[in-house]
Amino acid sequence: MDNRVLVAYATKYGATGEIAERIGQVLREAGLPTDVLPADRVSDLTPYQAVVLGSAVYIGKWRKEAVKFLQAHEEMLAERPVWLFSSGPAGEGDAVELMDGWRFPKGQQAIADRIQPRDIAVFHGHVNMDKMNFIERWMIKNVQSPVGDFRDWDAVTSWATAIADALKEAA
Ligand SMILES: Cc1cc2nc3c(=O)[nH]c(=O)nc-3n(C[C@H](O)[C@H](O)[C@H](O)COP(=O)(O)O)c2cc1C
């Protein structure tokens, strides 16, 4: 294990990848060497002292690449500081309130309990009608979801800054 940090993400249309990139940028600017990678491109956590994992949320679930990542690396994640984030809710106001208190998929709660993440954040997402398929557009209209880019870059930056501070304090 060296002092690298991994920011792994699972995205369908890119919005979560851009959040992961911003987190990586903040960590690097704080002097922490950081890799930002799609979750399905990571095979070994040995080089990493800490891991941030985030997924887009679709119909209350994380993307399967993020779920597989949790399952495959549970043991090593439990040995390292880990931060998790979900990204998805559209609309103005507090992201967790928009999700009615939801933070993380129930199906993976047992793994999260074993990993003991330092935090689980929820970030606003980008509902981009131009990228969606016909069925998704129909679903978004049906649930009358707000449409647009609601990502809160200040919230992402301050969360990442707190991660950098925690890791530097522990060093
Ligand atoms: C069919 C569909 C279902 C969605 N379901 C949810 C959901 O259950 N909860 C949520 O917060 N966001 C939901 N979203 C919004 C996405 O999570 C949001 O657009 C996110 O930013 C997409 O990230 P990505 O570009 O990384 O894939 C849904 C979007 C679509 C198109």
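For the structure given in this document, a descriptive report is provided here. (Residues numbered from 1 in each chain as written. Predicted model: local features only at pLDDT ≥ 70, side-chain atom pairs only at ≥ 80, totals over all residues. Heavy atoms only, no water.)

Notes on the overall build of the protein
Definition in use: In this description a helix means any DSSP run of H or I spanning at least four residues, a strand means any run of E spanning at least two, and both kinds are numbered starting from the N terminus. Only C-alpha atoms enter the radius of gyration, while the globule expectation follows 2.2 Å times N to the 0.38, with N the number of residues. Only protein chains enter the accessibility calculation, which uses a 1.4 Å probe. A residue is then buried if its area is under 20% of the maximum for its type, exposed if over 50%, and partly exposed in between. In what follows, a contact means two residues having at least one pair of non-hydrogen atoms within 4.5 Å. All accessible areas in this document rest on Shrake-Rupley with a 1.4 Å probe, and a residue is counted as covered only by the protein chains that are shown.
Of regular secondary structure, the protein possesses 6 helices and 8 strands. Order of helices (α) and strands (β) in the protein, N terminus to C terminus: β-α-β-β-β-α-β-α-α-β-β-α-β-α. Scaling as 2.2 N^0.38, a compact globule of 171 residues should have a C-alpha radius of gyration of about 16 Å, and the protein matches this with 16 Å. Going through the 171 residues of the protein one by one, you find that 49% of them count as buried. A separation threshold of at least 6 residues defines the contact pool for the protein, and within that pool the share at least 24 residues apart is 76%. Total accessible area computed for the protein in this model is approximately 8900 Å², and 49% of it derives from carbon and sulfur atoms.

A closer look at the packing of aromatic side chains
Applied cut-off: To pair, rings of Phe, Tyr and Trp, with the six-membered ring standing in for Trp, must have centres within 6.5 Å; the planes then decide the type, stacked if under 30 degrees apart, edge-to-face if over 60, and tilted in the middle. Throughout this description, the term charge over a ring refers to an Arg CZ or Lys NZ atom that lies within 6 Å of the ring centre and within 35 degrees of the ring normal.
By the definition in use, this model includes 4 aromatic pairs. The ring of tyrosine 58 carries lysine 12 above its face, with NZ or CZ at 5.8 Å from the centroid. Over the aromatic face of tyrosine 58 sits the side chain of arginine 63, whose NZ or CZ is 5.4 Å from the ring centroid.

What about the site of the ligand?
As a reminder of what qualifies: We call a residue near a given molecule or strand whenever any one of its heavy atoms falls within 4 Å of it. Here a polar contact means two N or O atoms within 3.5 Å. Within protein one must be a hydrogen donor candidate and the other an acceptor candidate, and residues neighboring in sequence count only if both atoms are side-chain atoms.
If you check the shell around the ligand, you find 22 residues, and the closest are Thr11, Thr16, Val57, Tyr58 and His126. Contact between the ligand and threonine 11: an oxygen atom at 2.4 Å from a side-chain N or O atom of the residue. Within the backbone of glycine 60, one N or O atom sits 2.8 Å away from an oxygen atom of the ligand. Relative to its unbound accessible surface of 640 Å², the ligand loses 89% to contact with the protein.

Comments concerning the pattern of salt bridges
Basically, it comes down to this: Every case where a carboxyl oxygen of Asp or Glu lies within 4 Å of a side-chain nitrogen of Lys or Arg is listed as a salt bridge.
Applying the stated rule across the entire model yields 6 salt bridges. A salt bridge links arginine 151 to glutamate 18; the nearest nitrogen and oxygen atoms lie 2.6 Å apart. With arginine 151 in the loop between strand E8 (148–149) and helix H6 (153–170) and glutamate 18 in helix H1 (residues 15–29), the pair connects residues that are 133 residues apart, well separated along the chain. The class of arginine 151 is buried, set by a relative accessible area of 11%. As a salt-bridge pair, glutamate 79 and arginine 80 come within 3.7 Å of each other at their nearest N and O atoms. The exposure class of glutamate 79 is exposed, given its relative accessible area of 55%. Judged by its relative accessible area of 7%, arginine 80 is buried.

Let's talk about the side chain of serine 55
As for its placement among the helices and strands, serine 55 is situated in strand E3 (residues 48–58). Residue serine 55 is classed as buried on the basis of its relative accessible area of 0%. Only 2.9 Å separates the side chain of serine 55 from the backbone nitrogen of arginine 63, close enough to count as a polar contact. Setting aside anything within four residues of it in sequence, one finds serine 55 in contact with Ala10, Thr16, Trp62, Arg63, Ala66, Phe85, Ser86 and Ser87.

So, unusual backbone geometry
If you check the backbone angles, isoleucine 59 has positive phi at about 50 degrees while not being a glycine. Within the secondary structure, isoleucine 59 sits in the loop between E3 and strand E4 (61–62). For isoleucine 59, a relative accessible area of 71% corresponds to the exposed category.

So, the environment of leucine 6
Its location among the elements puts leucine 6 in strand E1 (residues 4–10). For the pair leucine 6 and glycine 24, spaced 18 residues apart in the sequence, the C-alpha separation amounts to 8.2 Å. Beyond its immediate stretch of four places on either side in the chain, leucine 6 contacts Asp35, Leu37, Val42, Leu45, Tyr48, Ala50, Val51, Val52 and Phe69.

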